[in-house]
Each structure stands twice: as structure tokens, then as C-alpha cells.
Amino acid sequence: TKEIMSGSKVKTPRLLVAPSQCKIWDRHNRDYALLNEIKCKDLIEQFKVTGKQEFPGIVRLFEGGGEVKYEIICGARRFWTSQYLGWKYFIEIRHLSDEEAFRLSDIENRAREDISDYERALDYKNALGHYYKNQVQMANRLEVTTSWLSRYLDIADLPEQIVSAYRDITDIKVIHARKLKPYLNNSLKNKQVKEKLIQKAVELKGKGYDGTRVISELLKSVKPIVSTNTKTQYVSKNGLVTIFIKKRNDKTLGLLIEKKESGEKDDVIELLRTVIDGYM
């Protein structure tokens, strides 16, 4: 982390440049099109009060030619605000690989509330395909647990129809994906339930409901996937853990966990959360 925060041992010059000389990194974790006066209100006020951009945007040199010379890794809202006010953009130049750029952007934005769970989830899914062999390697590089990372990847895997049911992607939360996950697996037994959920999502599109209303309507449209006379099987994403659930006549649940040798504790915990969500 220290290495990423410093970028490299090379000096990191700071300067003011015309916004036209900069472009947002194609793999930036924020949807730049969603930025507006409301979402940047705090920065607009801060710029006006202090008369300056206090913290530089982190950029790297862009080799595409033409007027654009810098690629913005961190500082999209500062960039938007500079353009909005007609100011020059304050930057710090770093020498970063794509993977380093991704981690630096994640470090800066992970604790921010102005970037949505869904934007972050898409960024993680994209990074998994580009920079890392598997979730375990990625979690280690980000210094998070595999179960924490898995929860975000679940959001990125939500069907397009469900995403479109929300008035805005910023309304989609981690907890929503956890609640919907038991109904979205592709087992033959679950097929009708999944189709019913998707159909409800299609009906909700364009109604302008907030996130709380959308998830409530979706969950009301489906029944619990567990029958009193059947045994239900849950399998972790990596296939290393299987949990069997059977509802007994005395209303208790029988639970059997099978873990392959390479399975981890986090895999079991994450799958147990999915099971619990299906019964709550």
C-alpha cells in the first residue's frame, strides 16, 4: 500500500493544467456521466471558499497523442468541478501500471459514500478479469477478505433486468444482492422462481422507485425457495464448499457442510450467509 500511495521512487511533479489536456481513465471506478452539481456540491463550495483545489488529482502520462496528455486515475469529481467552474485542474503525475492504478483508485474511494456499491462492484469484476487469476489473489492484493470481495462481485452479477428496475444504479446496495442471491441461482428447481423475479423487475422498470422500494417489491414477488419436503443444495462460487439443507417436521433445519481440502473458512462463511438469507 505504501508503494502505491507514493506511486514510485520517481519524483511526482504537481502542476496546473487545462482540463482539456486530461481524460478519465477508461477503467476508472466512477461513472463520470452520473456527476452533476448536486453530487459535486461540496467540492464546488470548497473550491469557491478556498479559491483553490486543495488536493491534486492523480494522473499518469497518456500516450494517445493530440491535446490530451494526462489520464486521470483519482480525482474525477475534482476534475468535473474544475470543468464546471472553468478552472485549471491541479494534478500530480505518477508512474503506475494498470494494476497499481486500480489499487490506488480503490484505496482512495473505498471509504467514500459518493461512489455507489454498484460502481465499485463493476470495478472489482473488471479488475478480476484483467489483473488477477482468482478472488483469493485479488483479495490478498486489496487486503480484504474473500467473503467481503465476493459480496461486491455478487452485485456486479445481478441480471440486467434487475439493475434496470432501479431509478439509479447508486440505489443498488450490497445487502440487496445478498437478499436476491438465493433466488438467482441457475438450478433447475429454482428456474421458475428466478423467472418470476426477473419478470417483476421488468414491471418495475421506469417507475422511479428508490432502492428500498425496489428490493421490497422484488422480494414480495417470490416465495421462499425451500420446501418442507425437499433437500436444498447450495454450492459456493468456486465449487469448494457445498451445504445441504433439509427442513424437518419439527420445524428445525438439518445442515450438512461438505468442504474440499482447498476450501477456506471464508468460503464456508459466505455460503452460510447465502443460506441464511434464503430462510430469513
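Below: a short report on this structure. Since we're looking at a predicted model, the values are computed, not measured. All residue numbers here refer to positions counted from 1 along the written sequence of the relevant chain. Local features in this predicted model are restricted to residues whose pLDDT is 70 or higher, and side-chain atom pairs enter the listing and the counts only when it is 80 or higher, whereas totals over whole chains, interfaces and linings include all residues. Note that the side-chain values use all heavy atoms of the structure and ignore hydrogens as well as water.

**Side note on the sheet that holds strand S5 (residues 89–93)**
Next, step 1: Strands sit in the order S1-S5-S3-S4-S2 across an open sheet of 5 strands; the sheet is mixed. This sheet does not close on itself; its edge strands, each paired only once, are strand S1 (14–17) and strand S2 (22–24). For this sheet, the mean inter-axis angle between neighbouring strands, taken without regard to orientation, is 45 degrees.
Next, step 2: Strand pairing requires that DSSP identify at least two bridges connecting the strands. Secondary structure elements follow DSSP: runs of H or I no shorter than four residues count as helices, runs of E no shorter than two count as strands, and numbering proceeds from the N terminus. Taken together, the 3 bridges between S2 and strand S4 (residues 70–74) define a ladder with parallel strand orientation. The partner of Ile24 across the bridge, within S4, is Ile72. To define axes, lines are fitted to C-alpha atoms, for helices over the stretch in contact only, and angles between the resulting N-to-C directions are given on a 0 to 180 degree scale.

**Overview of the nonpolar core**
A general feature of soluble globular proteins is that nonpolar side chains tend to end up buried together.
Next, step 1: To qualify as a nonpolar core, a set must consist of buried Ala, Val, Leu, Ile, Met, Phe, Trp, Tyr and Cys residues joined through side-chain atoms within 4.5 Å. Exposure is judged per residue with a 1.4 Å probe applied to protein chains only, and the accessible area is read against the type maximum: over 50% gives exposed, under 20% gives buried, and values in between give partly exposed. Core analysis: the biggest nonpolar cluster contains 44 residues, and Phe102, Ile155 and Ile162 have the highest contact counts within it.
Next, step 2: We call two residues in contact when some of their heavy atoms are within 4.5 Å. Setting aside chain neighbours within four positions, we find Phe102 in contact with Trp25, Asp123, Tyr124, Ala127, Tyr131, Tyr132, Met138 and Leu142.
Next, step 3: In this structure, Val17, Leu35, Trp80 and Tyr89 belong to the second largest nonpolar core, which totals 15 residues.

**Considerations on the pairing of strand S3 (residues 57–61)**
Next, step 1: In terms of burial, S3 is largely enclosed, as 4 of its 5 residues are buried.
Next, step 2: Judged from the 3 bridges that link them, S3 and S5 form a sheet pairing that is parallel. By the bridge assignment for S5, Ile58 is matched with Glu92.
Next, step 3: Sheet topology note: the S3/S4 ladder contains 4 bridges and is antiparallel. Paired with Leu61 across the two strands is Tyr70, which belongs to S4.

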